[in-house]
Amino acid sequence: MALAVLCLLGAVGLFADFTGYAAAHWAWLAKIQAVPALLALNLGALALLLMLTLVFGRLYCSLICPLGILQDVLAWLRRVCGSKKKKRLGFYGYKAPLTAWRYGFLVLFAALVAASALAFLPVSYAGMLDPYSSFGRMAGQSVVPLWRVCADALAQWQAGRGVYLFEAVPSPVVMLSLGVGALAALSFAVVLIFAVRTGRGYCNTVCPVGTLLGFLSRYSLLRPVIDTDKCNRCGSCGRRCKAACIDTKKHEIDLSRCVVCLDCINNCSQGAISYGLRRMVPAGDGEAQRPVMAEGKPDTARRAFLAGGAIVAGAAVAAAADKLTDGGLAPLKDKKRRRTAPPAVPPGAVSLRRFRSHCTACQLCVSRCPNEVLRPSLSPDGFMQPVMVFTSGFCRPECTSCGEVCPTGAIMPVAVAEKSAVKIGTACVDASLCISAAYGQSCGNCARHCPAGAIVMVKGDNGNMRPAVDEARCIGCGACEYHCPSGTAGQLSANTAAIYVKGIENHQQV
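Residues numbered from 1 in each chain as written. Predicted model: local features only at pLDDT ≥ 70, side-chain atom pairs only at ≥ 80, totals over all residues. Heavy atoms only, no water.

J.: Sorry, what's going on with the overall build of the chain here?
T.: On a plain count of helices and strands, the chain comes out with 21 helices and eleven strands. The 510 residues of the chain split such that 53% are buried. Sequence separation of 24 or more characterises 73% of the internal contacts of the chain that already satisfy a separation of 6 or more. Accessible surface, the chain as shown: approximately 23,200 Å² in total, 62% of it carbon and sulfur. (Helix = DSSP H or I, 4+ residues; strand = E, 2+ residues; numbered from the N terminus. Buried < 20%, exposed > 50% of the residue type's maximum accessible area, 1.4 Å probe, protein only. Contact = heavy atoms within 4.5 Å. Areas by Shrake-Rupley, 256 points an atom, 1.4 Å probe, with all protein chains shown as cover.)

J.: Is there a simple way to explain the packing of helix H6 (residues 66–81) against helix H11 (residues 178–198) in this structure?
T.: Helix-helix packing: each pair is described by the crossing angle between the helix axes and the interaxial distance. Close contact between H6 and H11 brings their axes to 8 Å; oriented N to C, the two are set at 55°. Between H6 and H11, the angle is such that the two are oblique. In this structure, H6 crosses over H11, and the sense of that crossing is right-handed. For the pair formed by H6 and H11, the contact residues are Leu67, Leu70, Gln71, Leu74, Ala75 and Arg78 on the first element and Phe188, Val191, Leu192, Ala195, Val196 and Arg197 on the second. Looking at the contact of H6 with H11 residue by residue, the classes come out as nine nonpolar, one polar and two charged. (Axes fitted to C-alpha atoms, helices over the stretch in contact; angles between N-to-C directions. Parallel < 35°, antiparallel > 145°, perpendicular 65-115°, else oblique. Left-handed = near helix turned anticlockwise from the far one by under 90°. Nonpolar A, V, L, I, M, F, W, Y, C, P; charged D, E, K, R; others polar.)

J.: It is not clear to me how the packing of helix H4 (residues 43–56) against helix H12 (residues 208–217) should be interpreted in this structure. Could you clarify?
T.: One way to put it is that H4 packs onto H12 with a least axis distance of 8 Å and a crossing angle of 50°. By the angle between their axes, H4 is oblique relative to H12. Contacts between H4 and H12 involve Leu50, Thr53 and Leu54 from the first element and Leu213, Leu216 and Ser217 from the second. Partitioned by chemical class, the residues of the contact of H4 with H12 number four nonpolar, two polar and no charged.

Right, dumping it as C-alpha cells:
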C-alpha cells in the first residue's frame, strides 16, 4: 500500500510540480502506463507490463495505474468512515462478472482508436476511457490549480518578509478549462460512486485496460488460491474483497478481476489463502482436478517485494531525464487567441494529423509547460487536445519540456539545437490593428523580439512603418504575437494581437 501511494504521489507530482524536480525523477512513471505505451509503441514498457501480468497477475492495476490507486484510496476512506458493523462484516461481496459491459467498453475503446488511426476522430475521444488520461484531467483541473494558488500565496507572503525561496509560480487560471473541467468532474464522480459502492467496480466494468489485463491474468504464473482443507467458510475474504471476485461458496477466485492486492491473505484467519505457484493434483473419485499451492507457508511480505521490483523495472525501462526551464515571461496584457487562425502544435508533433492520432488529452504537457503556451481545445476535431496560445507566453527556443514528458509519443523529444529549425506556423500581420502601420506610432516590438530574425519593419503604402514577415525564416514560435501591444496603445481597443501565428498542417525544417 505504501509503494502504491508513493506511485500515486509521483503521478500527481508530474502535474503539480513546477520546479522540474518531479519530471526529472518520475517521468518514466507516465511512460509505462498501458495506453500511452501502446500509442507510443514503447516496446520496452509493453514488454514489462506483459511480463508483470503473465507472472504476477494484474499488479499494474494496484501498483502502477494512478486511477486504480485513487480508487483504493477512496475505498479506504469509505472503510474508515463506515459504521462499526460494516467494518466487522465487510463492505463488499461476490458479484458475477458483467462480461457484456466489460467487453462492450473494450470494443468501443478499440473502435475509437481505430477511428483516430483513420483520421476520422482525434484519439482524445478514446482517451476518455483511458485510466491514465482520466486521472491526468482530474489532477490538472483540481489538484494542480489549487496547489499553484497555495504556492503563489506562500511565495508572496515570503517575498513580503524578504525571503525568496520560490521561483515565479505559473498561473493556475490558464490551466482551467470549462469543458475539460466538466469532463474531469464527471469522471471523478463516476469513479467515486464505483469506488464507494463496489470497490474496484470501475476497473472491472468500464476500464478497457482492466479488461485486457484481466484476460491475460487468467494465465498468470502466480495467483491467489484457496485451500479447501483449511477454509472454514466464514466468508470474510469475500466480504472484504474490493474486486468482488472471491466466490466463497465455490472456493473460486476470478483471476480476471483480481487486482493482486492480496488483502484476502491478511483477512483470512485460517491461513487458507496463499499466493504462489499453482500446480494441479489428481482428485479423488468423482472430483475434478483442483489447484493446490506449492509446499511452504504463505509469505504476505511478497507483496512488497513484487511492488518494489515493478518500480525498479519500470524505472530501468522508461527512465527519462528532464531539463529545468525558466518560468517564462510575465504577460504584457490580457489578449485573446484569434479564433480564425489554424491551431499550432508543438515542435516534435511532426504534423497535426499525427498529433491528433496520438494525443489522449492527459493534460500533462499543459501542466508542464513553463511558458503557459499550451491550452486544451474544445473543438470537435481536436477535443481536449492542447493547442498553442501565445497570449501569456511564447514557445521559447530553449524549452523542450512538452516533448520530454509526453508519454504517448504525440510530441516527440526535440533537442534544443534542433528546435529553432522546426517550423510549426507562420506569423501574419493585420495592418488595421498595428499601432505602427495604422497610426504611425513607433513600435517594432515584434521585430525586436523575433528570435529567428524573420520580421523587419518596412515603410507601407501610407508612409508608416509596418512589420514584414519573411515566411522562409519564421518558425511560428509566437514571440511576436505575445509581445504585440495592440489593444493597449493609441485609439485601438482590439483584444487580439496585430500579428498572430497560423499553424501549419505538416511541420517543416527551416
